[in-house]
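For reference, the chains in residue letters:
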Amino acid sequence: MSHHLVIVESPAKAKTINKFLGKDYTVKASMGHVRDLPQKELGVDLEDNFKPKYVRIKTRDKVLKELKSAAAGADSIILAPDPDREGEAIAWHLMHALSTKKADYEKFVRVTYNEITASAIREAFAQPRQIDENKVNSQQARRVLDRIVGYQVSPLLWRRIRGASSAGRVQSVALRLVCDREREIDAFVPEPYWIFGARLRKLVNPTDPFAVKLARIGGEKAELKSEESVRTARADLEGRGFKVKSVQNKEISKRPQPSYITSTLQQAGNRFYGFTPSRTMRIAQKLYEGVETDEGVVGLITYMRTDSVSIAKSAQDTARTFIAETFGDSYLPAQPPTYKSRSGAQEAHEAIRPTDISRTPDAMKRFLQADEWKLYKIIWERFTASQMAPARIAQRTVEIEAVPANGDADATEYLFRGSASEILFPGYMKVTGAEKPKKEEGDADEEENIPLPPLDEGENLDHVDWLEERKETTPPPRYTESSLVRALEENGVGRPSTYAQTISTILDRKYVEKEKRALKPTPVGKSTNEFLTTHLNDLFDVGFTAQMEKALDDVESGDVVWTDMLSKFYGAFQTWLESAKAPAADLEKVNGLLAMAEHVKTWKPPTKRGKKTYSDETFVQSVKEQLAEGEKPVTDRQLTALLKVLAHYREQVPEYDEKMKALGLEKEAAELKELAAPPREETQQKMELLKNVTFDEPRKVGKRTYDDKVFFESLCSQVESGKRLSENQIRYLDRMLVKYGDQVPDFEKHAETFQLHREDAAGDPAAGDVLALMGGVTEWAEPVQRGKRTWDDKAFYESLRDQFARKKSLSPRQSAALKKMAARYAGQIPGYTDKQEELGLPPPKEPRKKKDKAEG
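Note that the coordinates shown come from a computational prediction; the quantities given were computed from them, not determined experimentally. Starting afresh in each chain, residues are numbered from 1 along the sequence in its written order. For this predicted model, a pLDDT threshold of at least 70 governs which residues receive local features, and a threshold of 80 or more governs which side-chain atom pairs are given and counted, while totals over whole chains, interfaces and linings are taken from all residues. Side-chain figures throughout are based on the complete set of non-hydrogen atoms in the structure, without hydrogens or water.

Some details on the overall build of the chain
Summing up its helical and strand segments, the chain has 32 helices and 25 strands in all. Two things to know: the radius of gyration comes from C-alpha atoms, and the globule rule equals 2.2 Å times the number of residues to the power 0.38. Compactness check: the chain gives a C-alpha radius of gyration of 36 Å against a globular reference of 29 Å for 856 residues, more than 25% above the reference. Taken along the three principal axes of its C-alpha coordinates, the chain extends 100 × 95 × 70 Å. Exposure is judged per residue with a 1.4 Å probe applied to protein chains only, and the accessible area is read against the type maximum: over 50% gives exposed, under 20% gives buried, and values in between give partly exposed. When each of the 856 residues of the chain is scored for burial, the buried share is 46%. Contacts in the chain between residues at least 24 apart in sequence constitute 73% of all its contacts with a sequence separation of at least 6. Only the protein chains shown count as cover for residues, and all accessible areas are computed by the Shrake-Rupley method using a 1.4 Å probe. Element-wise, carbon and sulfur atoms account for 48% of the exposed surface of the chain, whose accessible area totals about 45,700 Å². A run of H or I in DSSP counts as a helix once it spans at least four residues, and a run of E counts as a strand once it spans at least two, with each numbered from the N terminus. In what follows, residue pairs with any heavy atoms lying within 4.5 Å of each other are defined as contacts.

Here you go:
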């Protein structure tokens, strides 16, 4: 009898699918991708048609070993990851990772399904196919594209922007949208305006007052932008009568919205419950992969990464039966509703819907966590409503004119307006509830739905009082995670599978922060965006990014060869990158500064910092020669360096300030004036204190070597040459004084003079006591190897102890890690529980197991 190995991504999915298949199937999880581009190199051969270099993901070694063992005994291997590009790529990588030769590929087949139910799984397994190479190539193209951009642009950021961590093809465009919106808000100037209206009443019952707003003055839209215009209007209206000019009644039909797609579900999760897009997708993943119910484990919703609003006919038929039985035939439209997806959507996928409409939210509530139930409820309601009849609404609009008391035909015409609506037939609103009209940005003051009494044309009305309210125009709101997802989708940036990750990335990188629920760019985010849009504007243009998404869609459809698409991109990218690496400086400014340098007769002597020697005179001469040769343009960085050099010689340059102003460099020159000042006396005093200190041995961290002695000597050399230290250099000098304070005579006195204890105050005052408590630990857990890192509790404790001895403080992060470790050794610390509250220690934990020495 044949035996089949089925591979999916997650254990939860494997567990659900396993229950639908017979004993001839073994279902295992790959835990996502098993191969990827290497982490520490580009991994793309730019000379060989963008050939990717795929390597095993180290954390998947154990999984791959198990899969290879299972595959060896299987007659066929069924690859069943998600039905999108990423799922297709996972299947392709699994086939290559589990095969030793091409002949092995014959054992592999691919199945896809849109929901994890018994019927859907059996139907999918009855229709196996080969891996879709176009889909795989589209994913490969995206991966290579993102790797090239990230790997080659990020280093530019590291060199130019302090605190910047990475650039990304899509994440940087998302950041740009946030920064552009912030710029609009900053530039916005509010303007006052007035809402003016009247309260009126009928002369006969019902005589309850009702409100109308001034709509037109003299046939034009009423726009009252000053208090004076309000006073003028009110004075002109005094003494006038009011008469109904027209009553318009009409019935409108309001259609339900389509079922959710990824972007609209993320927006709804944020709008209704405050869920982040990532959280919404995690919950949806759980509902898709399977939940334990009375029927067993079953997937409650269809696949949640989709941009299509289409619905399977079988699901529509089932929904129509449910709606007729539950709400009645009147709630059923004559034909199943159809909805149009946006251009470029993958119509082979469905919208997000419940796998069985009869599993109502109330019926499922006892099987779901609170957040799962909330999300399932809105998915179920949206789908059910989308298959129901439209709502019918009666709309009534009344126009009321202010009639001059003397019947003056030349008097200015004032027209007031009021609107009211009434639901005649709820249709789909039976499920969703009555909807409040959506107000677009800037439309906050459109006519509201105000209750109106029965009114007839020509009917006279009594005036009760005037209504007026001063308001101001408001700037566009900051993006929320929900509205940013909508903006990305509307601009064609990213795809359903990338929205949540894109937003998480710009938050994690500290480019954007949350202020309540709004997204605000941080200073680092603004600087990063400024650099990227200035030097790589075309690459991170919203329109260009959308074009690249379209090109990836064309690769998937087979219309474009993926390597051709990359080749076309890379040609333009190289040009942009070279320009960004060394943007050409303004030649007029360069020549102007070099002319000013001709006046310098006495140059400062060269200084040595580490292995390098720096000479102002040599640098200026090198720029002159470079300019004369004309082969390589002088860059912005060189221009800035020239400015800094000349700042030290301002006394030798006649009319220095006037010349800088003429070159348009007045602001930059003013900023550098402080830097060109002689070294501070305080700095020299600090250096004198450190001159007799015995510095620690150099220490290596990764590829970098930190040598306090060499660093201190370079600072001394700079000061001796008459150059002032930067704020950053002074900060490091202060840290060195604190570090070696035990070797400095009368350190406490000097520390008070120079205010050197600021960092200590931020440290945890309990750190020293916790270190003392752990001094009695004698039995330490064996070091643990995880990847390339070794976790050694004893070595970690000793490093913190030594640091505390030098600095008298630990960072908050170090202190938290120390306390966490202390909890594991609570059994060896006398009186641990007594000290818990006082020192903020966590409850005792089980210690890490020691290796049995007998095991060797």
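What about helix α8 (residues 262-273)?
Its 12 residues give α8 an end-to-end C-alpha distance of 16 Å, which sits within 8% of 16 Å, the value for a rise of 1.5 Å per residue. Packing partners of the buried residues in α8 comprise α9 (277-289), α12 (370-386), α14 (481-490) and α15 (499-508). Within two residues after α8, glycine 274 carries a phi angle of roughly 75 degrees, on the positive side. The span expected for a helix works out to 1.5 Å for each residue beyond the first.

Side note on the pattern of salt bridges
Salt bridges, as used here, are contacts in which a Lys or Arg side-chain nitrogen is within 4 Å of a carboxyl oxygen on Asp or Glu. Summed over the entire model, instances satisfying the criterion amount to 50 salt bridges. Between glutamate 372 and lysine 286 there is a salt bridge whose closest N-O contact spans 3.2 Å. Taken as a pair, glutamate 372 in helix α12 and lysine 286 in helix α9 lie far apart in primary sequence, 86 residues in all. Where glutamate 350 meets arginine 353, a salt bridge forms, and the shortest distance between an N and an O atom there is 2.7 Å. For glutamate 350, a relative accessible area of 10% corresponds to the buried category. Among the residues examined, arginine 353 registers a relative accessible area of 3% and is labelled buried. One network of salt bridges, in which partners are shared, links Glu9, Lys13, Asp82 and Arg305.

What to know about the packing of α8 against α9
One can describe the packing of α8 onto α9 by two numbers: an axis separation of 9 Å at closest approach and a directional angle of 110 degrees. As the angle between them shows, α8 and α9 are arranged roughly perpendicular. Here the hand of the crossing between α8 and α9 comes out right-handed. On α9, the residues touching Thr262, Leu265, Gln266 and Gly269 of α8 are Pro277, Thr280, Met281 and Ala284. The classification used treats Ala, Val, Leu, Ile, Met, Phe, Trp, Tyr, Cys and Pro as nonpolar, Asp, Glu, Lys and Arg as charged, and all other residues, Gly among them, as polar. Of the residues that constitute the contact of α8 with α9, the class distribution is 4 nonpolar, 4 polar and no charged. Axis angles are defined between N-to-C directions and span 0 to 180 degrees, where every axis is a line fitted to C-alpha atoms and, for a helix, only to the segment in contact. With respect to orientation, any angle under 35 degrees is reported as roughly parallel, any angle over 145 as roughly antiparallel, any angle of 65 to 115 as roughly perpendicular, and every other angle as oblique. In a left-handed crossing the near helix is turned counterclockwise from the far helix by less than a right angle, and in a right-handed crossing that turn is clockwise.

So, unusual backbone geometry
Residue proline 206 follows asparagine 205 across a cis peptide bond; omega there is -5 degrees. Phi is positive for methionine 31, close to 65 degrees, though the residue is something other than glycine. Within the secondary structure layout, methionine 31 lies in the loop between β2 (25-29) and β3 (35-36).

Here's the deal with the packing of aromatic side chains
Note on aromatic pairs: the rings of Phe, Tyr and Trp (six-membered ring only in Trp) are paired at centre separations within 6.5 Å, and the planes decide the class, stacked below 30 degrees, edge-to-face beyond 60, tilted for the rest. Going through the model one piece at a time under the given rule, you end up with 22 aromatic pairs. Note on phenylalanine 695 and tyrosine 740: the rings are 5.2 Å apart at their centroids and 85 degrees apart in plane angle, and the pair reads as edge-to-face. Highlighted residues: phenylalanine 695 in the loop between α24 (681-690) and β22 (699-701) and tyrosine 740 in the loop between α26 (727-739) and α27 (747-754), separated in sequence by 45 residues. Under the relative-accessibility criterion, tyrosine 740 is labelled buried at 2%.

A closer look at the packing of helix α10 (residues 313-327) against α12
In the contact formed by α10 and α12, the axes pass within 10 Å of each other and the chain directions differ by 90 degrees. With respect to α12, the axis of α10 lies roughly perpendicular. Here α10 contributes Ala315, Ala319, Phe322, Ile323 and Phe327 to the contact with α12, which in turn contributes Trp380, Phe383 and Thr384. A breakdown of the residues in the contact of α10 with α12 according to their chemical character gives 7 nonpolar, 1 polar and no charged.

Let's talk about the sheet that holds strand β7 (residues 76-79)
The strand order across the open sheet formed by 4 strands is β2-β1-β7-β8, and the pairing between neighbours is parallel. Each end of this open sheet is capped by a strand with a single partner; those strands are β2 and β8 (108-110). On average, adjacent strands in this sheet sit at an angle of 25 degrees to one another, irrespective of strand direction. Pairing geometry for strand β1 (residues 4-8) and β7, over 4 bridges, is parallel. In the sheet register, leucine 5 faces β7, and the bridge partner there is isoleucine 77. Any two strands with at least two DSSP-identified bridges between them are counted as paired.

Description of the side chain of serine 166
By the secondary structure assignment, serine 166 is in the loop between α5 (133-160) and α6 (171-187). Relative accessible area serves as the criterion here: at 10%, serine 166 is assigned to the buried category. Separated by 2.8 Å, the side chains of serine 166 and arginine 509 make a polar contact. Once you skip the residues sitting within four places of it in the chain, serine 166 turns out to touch Ser154, Leu157, Trp158, Gln171, Arg509 and Tyr511. Distance and chemistry together define a polar contact, namely a pair of N or O atoms within 3.5 Å, with one atom able to donate a hydrogen and the other to accept it when in protein, and with adjacent residues in sequence counting only for side-chain atoms on both sides.

Considerations on the confidence of the model for the chain
pLDDT is a residue-level measure of predictor confidence that goes from 0 to 100. Residues of the chain with pLDDT of at least 70 account for 94%, and the chain-wide mean is 89. Mean pLDDT values for the elements of the chain range from 42 in helix α28 (residues 758-762) up to 97 in α12. Considering only residues more than four positions removed or in separate chains, one finds that residues 438-447, a stretch of pLDDT under 50, has 12 contacts. Confidence drops under pLDDT 50 across residues 758-762; counting only partners more than four residues distant or on other chains, this segment forms 5 contacts.

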